[in-house]
Amino acid sequence: MLPCFTQDILPPCHPNILLSSSPPPQKTFTFTHIQLSHTYTHAHNPDTCPLITHRLLPSFCSRGLMGNLLKVLACAELEHGPIVFLDFEHAQPTEAETAVWNQVSAVLEEAHGILAELQSYNGAGQEIREAIQNPGDLALQEKAWNAVCPLVAKLKRFYEFSLRLENALRSLLEALTSPPYAPMQHLEREQALAKQFAEILHFTLSFDELKMTNPAIQNDFSYYRRTISRNRLNNQQLEAENEVNNEMANRMSLFYAEATPMLKTLSNATTKFVSENKTLPIEDTTDCLSTMACVCRVMLETPEYRCRFTNTDTMLFCMRVMVGVIILYDHVHPVGAFAKTSKIDMKGCIKVLKEQPSNSVEGLLNALRYTTRHLNDDSTSKQIRALLQ
């Protein structure tokens with residue numbers, strides 16, 4: 001039984017409540033797996049549709065149920081999980097979320113600058129080539145070294161940021177999977193944290209897309225390491241080694257050797273989180289991830305939801321978040337995201353991506369092809385493999 005509402009009431013996210021500022025005529029809503037019909041009438045019938053006015057709203061607020069996350073199908077569980085609309089653009093932290101939100105926000109504030117630096121990273125290719133072609137020219141050797149050192153310092157900052165991002169992800173996972181609430185309840189109650197989780201994934205895939213298309217990063221770092229090794233053999237130590245010593249260089253080398261280093265960091269962090277929290281059922285983590293994937297897919301494939309986006313970049317944001325949680329799910333879940341028992345509708349997710357312009361999604365499709373663990377398992381259907389070809 002759905003309640004009627006008077007005008008000028010902000011939408012809550014209680015799973016049993018659907019709001020309408022003015023009751024529309026009879027309407028049928030059709031979704032991917034199910035058709036739900038509900039009749040609205042202008043005449044208020046207290047027996048079939050109890051009236052809720054603004055006087056009752058404080059009681060909903062006090063239970064932490066107000067916000068921007070709307071349950072689209074009231075109390076309906078679909079084949080692949082509940083359908084929800086998550087407002088990635090406007091969710092704000094409640095008092096209960098503030099401590100974790102502030103901690104994660106301090107990390108995310110740096111994310112835009114990191115992406116801007118990476119996008120403008122041009123490398124020292126010309127200087128390195130000249131130095132290699134003229135090994136006896138000390139001036140060219142020094143010129144190349146002076147060009148590479150500030151770039152390596154920048155790469156170090158990127159790597160150190162990945163460690164802070166890993167800690168932020170862990171804090172969010174703890175908040176979004178902790179008892180006594182189920183994952184769906186967490187997403188409803190802690191919308192701002194769910195948004196931050198999404199922002200971390202968005203940054204991660206954006207960073208990795210830029211890194212994969214910039215070979216200068218590994219070329220610069222390889223030249224730096226070769227120069228350090230050569231100087232060490234000659235019993236020379238350069239000042240730059242004080243900032244990036246051999247141990248740090250080894251860790252950075254492993255990081256940048258990955259095709260998608262940030263995503264690898266988050267995947268390892270999520271796997272470690274599950275393994276270290278023995279008392280926390282693995283389903284709490286995987287259900288949180290599968291629910292977010294379902295949210296993004298439905299928001300992308302449903303015109304009525306897409307029209308709610310006020311920012312044109314939100315479409316790409318949703319696609320990156322969807323792919324990110326799929327990959328994390330595939331790394332954490334014992335049989336992965338592609339198995340028939342998966343709670344993620346992989347066919348639907350891939351279909352949504354392929355409906356977008358290829359230049360905006362090719363990197364995301366490649367992430368599914370090459371950074372997941374279970375795509376080539378026997379449990380993966382040939383149809384899903386074919387969709388990713």
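Residues numbered from 1 in each chain as written. Predicted model: local features only at pLDDT ≥ 70, side-chain atom pairs only at ≥ 80, totals over all residues. Heavy atoms only, no water.

- Naming follows an unreviewed UniProt entry, where the protein chain appears as Family with sequence similarity 49 member A, like of Labrus bergylta.

Notes on empty space enclosed by the protein
A water-sized probe, rolled over the atoms, reveals where empty space remains.
Thinking step 1. Applying the stated criterion across every chain yields a total of two cavities of 30 Å³ or more.
Thinking step 2. Taken as a whole, the largest cavity holds about 40 Å³ of empty space.
Thinking step 3. What lines the largest cavity is simply Leu205, Asp208, Glu209, Met212, Thr260, Leu263, Gly363, Leu364 and Ala367.
Thinking step 4. Those elements giving two or more residues to the lining of the largest cavity turn out to be helix 6 (191-212) and helix 14 (358-370).
Thinking step 5. No other element matches the four residues that helix 6 contributes to the lining of the largest cavity.
Thinking step 6. Residue composition of the lining of the largest cavity, by class: five nonpolar, two polar and two charged. (1 Å grid on protein atoms, 1.4 Å probe; cavity = no way out; pocket = protein on both sides within 12 Å on 5 of 7 lines; lining within 4 Å. Points joined across faces, edges and corners; volume = space filled by probe spheres on them. Helix = DSSP H or I, 4+ residues; strand = E, 2+ residues; numbered from the N terminus. Nonpolar A, V, L, I, M, F, W, Y, C, P; charged D, E, K, R; others polar.)

Points about the nonpolar core
Thinking step 1. Formed by 96 residues in total, the largest nonpolar core has its most connected members in Phe88, Phe197, Phe203, Ile326 and Leu353.
Thinking step 2. Residue contacts for Ile326: discarding those within four places in its chain leaves Ala293, Ala337, Ile344, Met346, Cys349 and Leu368. (Core = buried A, V, L, I, M, F, W, Y, C linked by side-chain atoms within 4.5 Å. Buried < 20%, exposed > 50% of the residue type's maximum accessible area, 1.4 Å probe, protein only. Contact = heavy atoms within 4.5 Å.)

Regarding unusual backbone geometry
Thinking step 1. Here the bond from Pro179 into Pro180 is cis, since omega is 10°, no more than 30 degrees from zero.
Thinking step 2. Tracing the sequence through the fold places Pro180 in the loop between helix 4 (138-177) and helix 5 (183-189).

Observations regarding the environment of Glu258
Thinking step 1. Tracing the sequence through the fold places Glu258 in the loop between helix 8 (246-257) and helix 9 (261-276).
Thinking step 2. Glu258 sits in the partly exposed class, given a relative accessible area of 32%.
Thinking step 3. The spatial distance from the C-alpha of Glu258 to the C-alpha of Thr371 is 9.7 Å, given a sequence separation of 113 residues.
Thinking step 4. Every residue in contact with Glu258, bar those within four places of it in the chain, is listed here: Lys211 and Lys264.

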